[in-house]
There are 2 protein chains.
Amino acid sequence: MKDHPSHLPTYDDMLAAHERIKPYIHRTPVLTSSYLNDLTGAELFFKCENFQKAGAFKVRGASNAVFGLSDEMAARGVATHSSGNHALSLSYAAGRRGIPCHVVMPRTAPQAKKDAVRGYGGMITECEPSTTSREAVFAKVHAATGADFVHPYNDPRVIAGQGTCSRELMEQTGGLDAVIAPIGGGGMISGTCLTLSTLAPDVKIYAAEPEQADDAYRSFKAGHIIADDAPETVADGLKVPLKENTWHFVSHHVTDILTASEDEIIEAMKLTWKRMKIVIEASSAVPLATILKNPEVFRGKRVGVILTGGNVDLDTLPWIK
Amino acid sequence: MKDHPSHLPTYDDMLAAHERIKPYIHRTPVLTSSYLNDLTGAELFFKCENFQKAGAFKVRGASNAVFGLSDEMAARGVATHSSGNHALSLSYAAGRRGIPCHVVMPRTAPQAKKDAVRGYGGMITECEPSTTSREAVFAKVHAATGADFVHPYNDPRVIAGQGTCSRELMEQTGGLDAVIAPIGGGGMISGTCLTLSTLAPDVKIYAAEPEQADDAYRSFKAGHIIADDAPETVADGLKVPLKENTWHFVSHHVTDILTASEDEIIEAMKLTWKRMKIVIEASSAVPLATILKNPEVFRGKRVGVILTGGNVDLDTLPWIK
């Protein structure tokens, strides 16, 4: 299995992506909370990708990949391996174009996730919950279908698509001092770097990561990619490691990476639900957790906070034991 | 204890209320969900008063009462009896004006509710959890302070304030076939009737009520007010009975009252959280529950759905046992 040929997306790729995906995505609202502003001493602008189609920002990159394919390529469909929001989003985008979407998922993935992928029309091939099995099964699906592989975050088309989010955020807020987003594989952060390094190069870019899955933080300090083996965190969208394309953006454009503990993430998640009356997943709460932990970094600043998704199992909330 | 002198608010009272309260309330967004449109066959426009200041529409009426007082009256403060959103909202509005707010609450009310009222600056006097005790304690507080009594829903200033919500909804949607809102004491429904009977008299007005607290439904069918003694429902904002002013609007302008079971309300609440990614309280879910139960009434129609509030105890959700 080989990733999509690696090259770095450009600012023009992001602009083209925005035009391409507009019919299929929401221009999500930006919400504010006077309570959270008082609490943090900063002026926070929450970009609500939890309201996005398929419940997460990932639909931006997935739609860009799907709708950028030639008719001939598209006819063979798209394929990916993911048990999370990328699988949902790619299924949604493929469904909108009317082409097949093949998803390799561990057989141990929650039934709710499988149902959601199938609900959007995705076709699931199950693998064992190991990297070896996933790669073997994916190679087989890929060979049998000739489908286009859309990597969840390292694909330049995906990064360009994710970059459309911070373009909207800048338009909607009329300017910011900083933007903060969660970091897992680095797709959203890379798109943010891609867009802001041209559109608003003075804006500081912070990445927020769970302490228990702080491979990006350690990579950033070490100056090279460090990949952890299967870290565990409540922020289950953020377990994956950086890859070469996302590492490029992180290492060149990110101001700093801040981390938060599991308890701090859960507390920030619950506080957002309680005060803003919106449902966000744990991964989306990591930025607010790090802002609350490092108020001196953000005090007096206008800060864009990307709420990356809202796909939560409502039957098992992390603060209810 | 006597209610505020009874008279019916006018359309001009509503317009004046809107001007008066604008600096203190949010013009809340209207959200849509393609999933729920597909599911119901209607086009639903959700007016998100769960995002309102103090977490509920009640702040509209409370602010109208508080900011309509002369300086002399205001100096003595305001008072009410409530253990719910009206208490929060009146405390918030009084706090914004910098005047005292006295709230009589049963000593058995949840600590979270008491903390929230105090968080907005309200001063609580506890009573026993009975009507007799509440009335006696309230009369004492009222006599001692000379504060202006703001009834949670029968007060004409409150009804005029609640009417501002459907004015915004009509502006934001550019026209509707029907509006549906929950009914308890009838403040929101009365305000909706007040506004729409002049602004858009062809719009049908539906009230949605829990089966287990269906006194408004039975009143509507009987042609006179029927008050239940302490009904129990998960939609805890809807337990109170109609009073003379709200009965006037309900009996003259409501098209129909629809009811839903406890399970149907909880299911609609969870569905809203899951699909729309917003936190609404159980009372707010009753309209969607009745739409799902009576699709033939709404199919093909443009329907405004008022989500009345989002104040939920996140530690005890009704679908998690």
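Reading the values: rules and limits
Residues numbered from 1 in each chain as written. Chains lettered and ligands numbered in written order. Predicted model: local features only at pLDDT ≥ 70, side-chain atom pairs only at ≥ 80, totals over all residues. Heavy atoms only, no water. Helix = DSSP H or I, 4+ residues; strand = E, 2+ residues; numbered from the N terminus. Buried < 20%, exposed > 50% of the residue type's maximum accessible area, 1.4 Å probe, protein only. Contact = heavy atoms within 4.5 Å. Areas by Shrake-Rupley, 256 points an atom, 1.4 Å probe, with all protein chains shown as cover. Lys, Arg positive; Asp, Glu negative; His and termini not counted. Charge placed at Lys NZ, Arg CZ, Asp CG, Glu CD. Domains from an automatic or database assignment. Buried area = accessible area lost by both parts, 1.4 Å probe. Pairing = 2+ DSSP bridges. UniProt positions renumbered as here; feature names shortened; annotations may be inferred. Axes fitted to C-alpha atoms, helices over the stretch in contact; angles between N-to-C directions. Parallel < 35°, antiparallel > 145°, perpendicular 65-115°, else oblique. Nonpolar A, V, L, I, M, F, W, Y, C, P; charged D, E, K, R; others polar. Expected span 1.5 Å × (residues − 1). Core = buried A, V, L, I, M, F, W, Y, C linked by side-chain atoms within 4.5 Å. Salt bridge = Lys/Arg side-chain N within 4 Å of Asp/Glu carboxyl O. Least-squares fit on C-alpha atoms with pLDDT ≥ 70 in both. Patch = residues over 30% accessible without salt bridge, like charges linked within 9 Å, V, L, I, M, F, W, Y side chains within 5 Å.

Let's shift gears to the overall build of chain A. Secondary structure summary: chain A contains 14 helices and 10 strands in total. Looking at chain A as a whole, 58% of its 321 residues are labelled buried. The long-range fraction of contacts in chain A, counting pairs at least 24 apart against all pairs at least 6 apart in sequence, stands at 73%. Carbon and sulfur atoms make up 50% of the accessible area of chain A, which amounts to about 12,100 Å² in all. Side chains of chain A give 33 positive and 37 negative charges; the mean places of these two sets differ by 4 Å.

It is common to report an interface's size as the accessible area lost on association of the parts. Residues and elements named next belong to chain A. By the assigned domains, chain A splits into domain 1 (11-56 + 155-307) and domain 2 (59-149). Placing the centre of domain 1 and that of domain 2 at their C-alpha centroids yields a distance of 24 Å. Contact with domain 1, which involves 26 residues of that partner, is made by 18 residues of domain 2. A combined buried area of about 1,700 Å² lies between domain 1 and domain 2, and 52% of that area is made up of carbon and sulfur atoms. Three residues stand out in domain 1 for area buried against domain 2, namely Tyr-24, Ala-54 and Arg-157, and they jointly supply 41% of the buried area on that side.

Before going further, it helps to examine the pairing of strand 9 (residues 256-260) of chain A. All names here are of chain A. Extensive coverage of strand 9 is indicated by the burial of 4 of its 5 residues. In this sheet, strand 9 lies alongside strand 8 (residues 204-210) in parallel orientation, the contact comprising 5 bridges. By the bridge assignment for strand 9, Ala-208 is matched with Leu-258.

On to the UniProt feature "domain: Tryptophan synthase beta chain-like PALP" (unreviewed entry) in chain A, then. Under the UniProt annotation, the feature "domain: Tryptophan synthase beta chain-like PALP" (unreviewed entry) is placed at residues 22-309 of chain A. When the span residues 22-309 of chain A is considered, its composition is 48% helix and 17% strand, and the gap between its end C-alpha atoms is 18 Å.

All names here are of chain A. Between helix 12 (residues 262-276) and helix 13 (residues 282-293), the shortest axis-to-axis distance is 7 Å and the interhelical angle comes to 105°. With respect to helix 13, the element helix 12 is oriented roughly perpendicular. On the side of helix 12, the interface is formed by Glu-264, Ile-265, Ala-268, Met-269, Leu-271 and Thr-272, while helix 13 contributes Ala-282, Ala-285, Val-286, Leu-288, Ala-289, Leu-292 and Lys-293. Taken together, the residues of the contact of helix 12 with helix 13 break down into 10 nonpolar, 1 polar and 2 charged.

Residues and elements named next belong to chain B. Over its 12 residues, helix 13 (residues 282-293) runs 16 Å from end to end, which matches the ideal 16 Å to within 8%, given 1.5 Å per residue. Counting buried positions along helix 13 gives 10 out of 12 residues, so the element sits mostly inside the fold. Turning to helix 13, its buried residues number three or more, namely Ala-282, Ser-283, Ser-284, Ala-285, Val-286, Pro-287, Leu-288, Ala-289, Thr-290 and Ile-291.

Time to look at the nonpolar core. Grouped together as the largest cluster of nonpolar side chains are 77 residues, with contacts concentrated most on A:Trp273 and B:Trp273. Excluding residues that lie within four positions of it along the chain, B:Trp273 makes contacts with A:Trp273, A:Val279, A:Leu314, B:Ile278, B:Val279, B:Ile280, B:Val312, B:Leu314, B:Leu317 and B:Trp319.

On to the sheet that holds strand 6 (residues 148-149) of chain B. All names here are of chain B. One open sheet accounts for 4 strands, arranged 5-4-3-6; its pairing is parallel. Each having just a single partner strand, strand 5 (123-127) and strand 6 make up the two edges of the open sheet. Relative to strand 4 (residues 101-106), helix 6 (residues 111-119) is tilted by about 175°, and along the sheet it contacts strand 4 and strand 5.

Residue and element names in this part refer to chain B. Judged by how many residues are buried, strand 10 (residues 302-307) sits mostly within the fold: 5 of 6 residues are covered. Relative to strand 10, strand 2 (residues 43-48) runs parallel, the two sharing 6 bridges. From the neighbouring strand, Cys-48 faces strand 10, where its bridge partner is Leu-307. In the sheet, strand 7 (residues 178-182) pairs with strand 10 via 3 bridges, with the strands oriented parallel. Across the sheet, residue Ile-180 finds its bridge partner in strand 10, namely Val-305.

A separate point is the interface of chain A and chain B. With 22 residues of chain A in contact, the opposing surface of chain B contributes 22 residues. When chain A packs against chain B, the two sides together hide about 1,700 Å² of surface, and 59% of this comes from carbon and sulfur. Summed over the shared surface of chain A and chain B, the number is 2 salt bridges. We note a salt bridge from A:Lys270 to B:Asp315, for which the minimum N-O separation is 2.7 Å.

Turning to unusual backbone geometry, a few remarks are in order. All names here are of chain A. Here Ala-54, not a glycine, exhibits a phi torsion of approximately 60°, which is positive. Assignment of secondary structure puts Ala-54 in the loop between strand 2 (43-48) and helix 3 (58-67). Assessed through its relative accessible area of 7%, Ala-54 is described here as buried.

Its rotation angle being 180°, the transformation that places chain A on chain B also includes 0.0 Å of axial translation and leaves an RMSD of 0.0 Å. Such values leave the two copies arranged in the relation of a two-fold axis. For chain A, the residue whose C-alpha comes nearest the rotation axis is A:Ile278, separated from it by 2.1 Å. Most of the interface of chain A is mirrored in chain B, where 100% of its interface residues are also at the interface.

Once that is clear, we can look at the sheet that holds strand 1 (residues 30-31) of chain B. Residue and element names in this part refer to chain B. If you trace the 6 strands from one edge of the open sheet to the other, you get 1-2-10-7-8-9, paired in mixed fashion. Both edges of this open sheet fall to strand 1 and strand 9 (256-260), since each of them pairs with a single strand only. Strands in contact with helix 8 (residues 156-173) are strand 1, strand 2, strand 7 and strand 10; relative to strand 2, the strand with the most contacts, it is inclined by about 135°.

Our next topic: the pattern of salt bridges. All names here are of chain A. The tally for this structure, following the rule as stated, stands at 40 salt bridges over all chains. For Arg-157, the salt bridge goes to Asp-148, with nearest N and O atoms at 2.8 Å. The exposure class assigned to Asp-148 is buried, which follows from its relative accessible area of 11%. The structure contains a network of salt bridges with shared partners spanning Lys-47, Glu-49, Arg-60 and Glu-168.

Another aspect to go through is a nonpolar patch on the surface. All names here are of chain A. A cluster of nonpolar side chains, namely Tyr-35, Leu-39 and Leu-292, defines an oily patch on the protein surface of about 240 Å² accessible area. Here Leu-292 lies in helix 13. You can call Leu-292 partly exposed: its relative accessible area is 33%.

Right, let's get into helix 8 of chain B. The end-to-end C-alpha distance of helix 8 of chain B is 27 Å, a good match for the 26 Å that 18 residues give at a rise of 1.5 Å each. Burial within helix 8 of chain B is extensive, with 15 of its 18 residues counted as buried.

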